[in-house]
Amino acid sequence: RGGEGKGSASVNVVTQLGFVSRGLQKSGAFPNTGPLPPRVSEETTYTISWSLTSSANDMEGVSVRASLPANVQWRNATAPAGEHITYDPDTREVVWDAGFVVAGTGYARPAREASFQVSLVPGVSDVGDEPVLVSAAMAAGQDTFTGFRIEQKSAAVTTRVLSDPEVQNNEYEVVQ
């Protein structure tokens, strides 16, 4: 029975940083324009929506990074106004500096969301494809309780905007 009552056990719970990157066209923060399905040499705009959640602990220094492919343009529209989203035309990198994300975000309180608008002008080589609108994105930050750096990656977003219930599956692939 030695050792009973001596010291105390503590468990450091590492928070779950949740991150989702999705594409929208007929719904979302911005009115989008252009043909669906996307058409060669014509511009269609899309909304990219990023969503962050944090389960057990506060997160600090949270940022999300992704890049735009060569045939996708930054439209200089971001929402909501309070979120800090920047685009570097030299590196083609989009960065959401989310900063502090409170524990329970996405659970006891709404998820943190940020959106930006991009446009695609498909080329002939894109016909029959679902071009990438934004690369795989990486969300990262530090768990303030454990001190651990936590990263969460999302898949690239293409014109297959499954998150948008108003876009039909025959509107994803580029047509001539």
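These remarks concern the structure in this document. Computed from a predicted model, the values in this text were never measured in an experiment.

So, about the sheet that holds strand 9 (residues 137–143). With respect to topology, five strands assemble into an open sheet ordered 5-6-3-9-10, the strand pairing being antiparallel. The outermost strands of the open sheet, each flanked by one partner alone, are strand 5 (84–88) and strand 10 (149–154). Here the average twist between neighbouring strands, direction ignored, is 15°. Note: strand 5 against strand 6 (residues 93–101), five bridges, orientation antiparallel. Bridge assignment links Thr86 to a residue of strand 6, and that residue is Val95.

This part covers the pattern of salt bridges. Considering all chains together, one arrives at seven salt bridges under this definition. Across the salt bridge formed by Glu113 and Arg22, the nearest N and O atoms sit 3.8 Å from each other. Separated by 91 residues along the polypeptide, Glu113 in strand 7 (residues 112–120) and Arg22 in strand 1 (residues 17–24) bring together distant segments of the chain. In this structure Glu113 comes out as partly exposed when scored by relative accessible area, which is 34%. Measuring nitrogen to oxygen at the nearest pair gives 3.4 Å for the salt bridge that ties Lys26 to Glu171. With Lys26 in the loop between strand 1 and strand 2 (44–54) and Glu171 in the segment after strand 11 (157–158), this pair connects stretches of sequence that are 145 residues apart.

With that settled, the discussion passes to the nonpolar core. Buried together is how nonpolar side chains tend to be arranged in soluble globular proteins. Ranked by internal contacts, the top residues of the largest apolar core, which has 33 residues, are Trp50, Leu52, Leu68 and Phe116. Each residue touching Phe116, except ones within four places of it in the same chain, is listed here: Phe30, Tyr46, Thr47, Ile48, Trp50, Leu68, Trp74, Ala77, Thr78, Ile85, Val94 and Val134.

On to the sheet that holds strand 1, then. Pairing is antiparallel in the open sheet, where four strands are placed in the order 1-2-7-4. The open sheet is flanked by strand 1 and strand 4 (72–79), the only strands paired with a single partner. Neighbour to neighbour, the strand axes of the sheet diverge by 25° on average, direction disregarded.

Rules used in this analysis
Residues numbered from 1 in each chain as written. Predicted model: local features only at pLDDT ≥ 70, side-chain atom pairs only at ≥ 80, totals over all residues. Heavy atoms only, no water. Pairing = 2+ DSSP bridges. Helix = DSSP H or I, 4+ residues; strand = E, 2+ residues; numbered from the N terminus. Axes fitted to C-alpha atoms, helices over the stretch in contact; angles between N-to-C directions. Salt bridge = Lys/Arg side-chain N within 4 Å of Asp/Glu carboxyl O. Buried < 20%, exposed > 50% of the residue type's maximum accessible area, 1.4 Å probe, protein only. Core = buried A, V, L, I, M, F, W, Y, C linked by side-chain atoms within 4.5 Å. Contact = heavy atoms within 4.5 Å.

These figures capture arrangement, not role.
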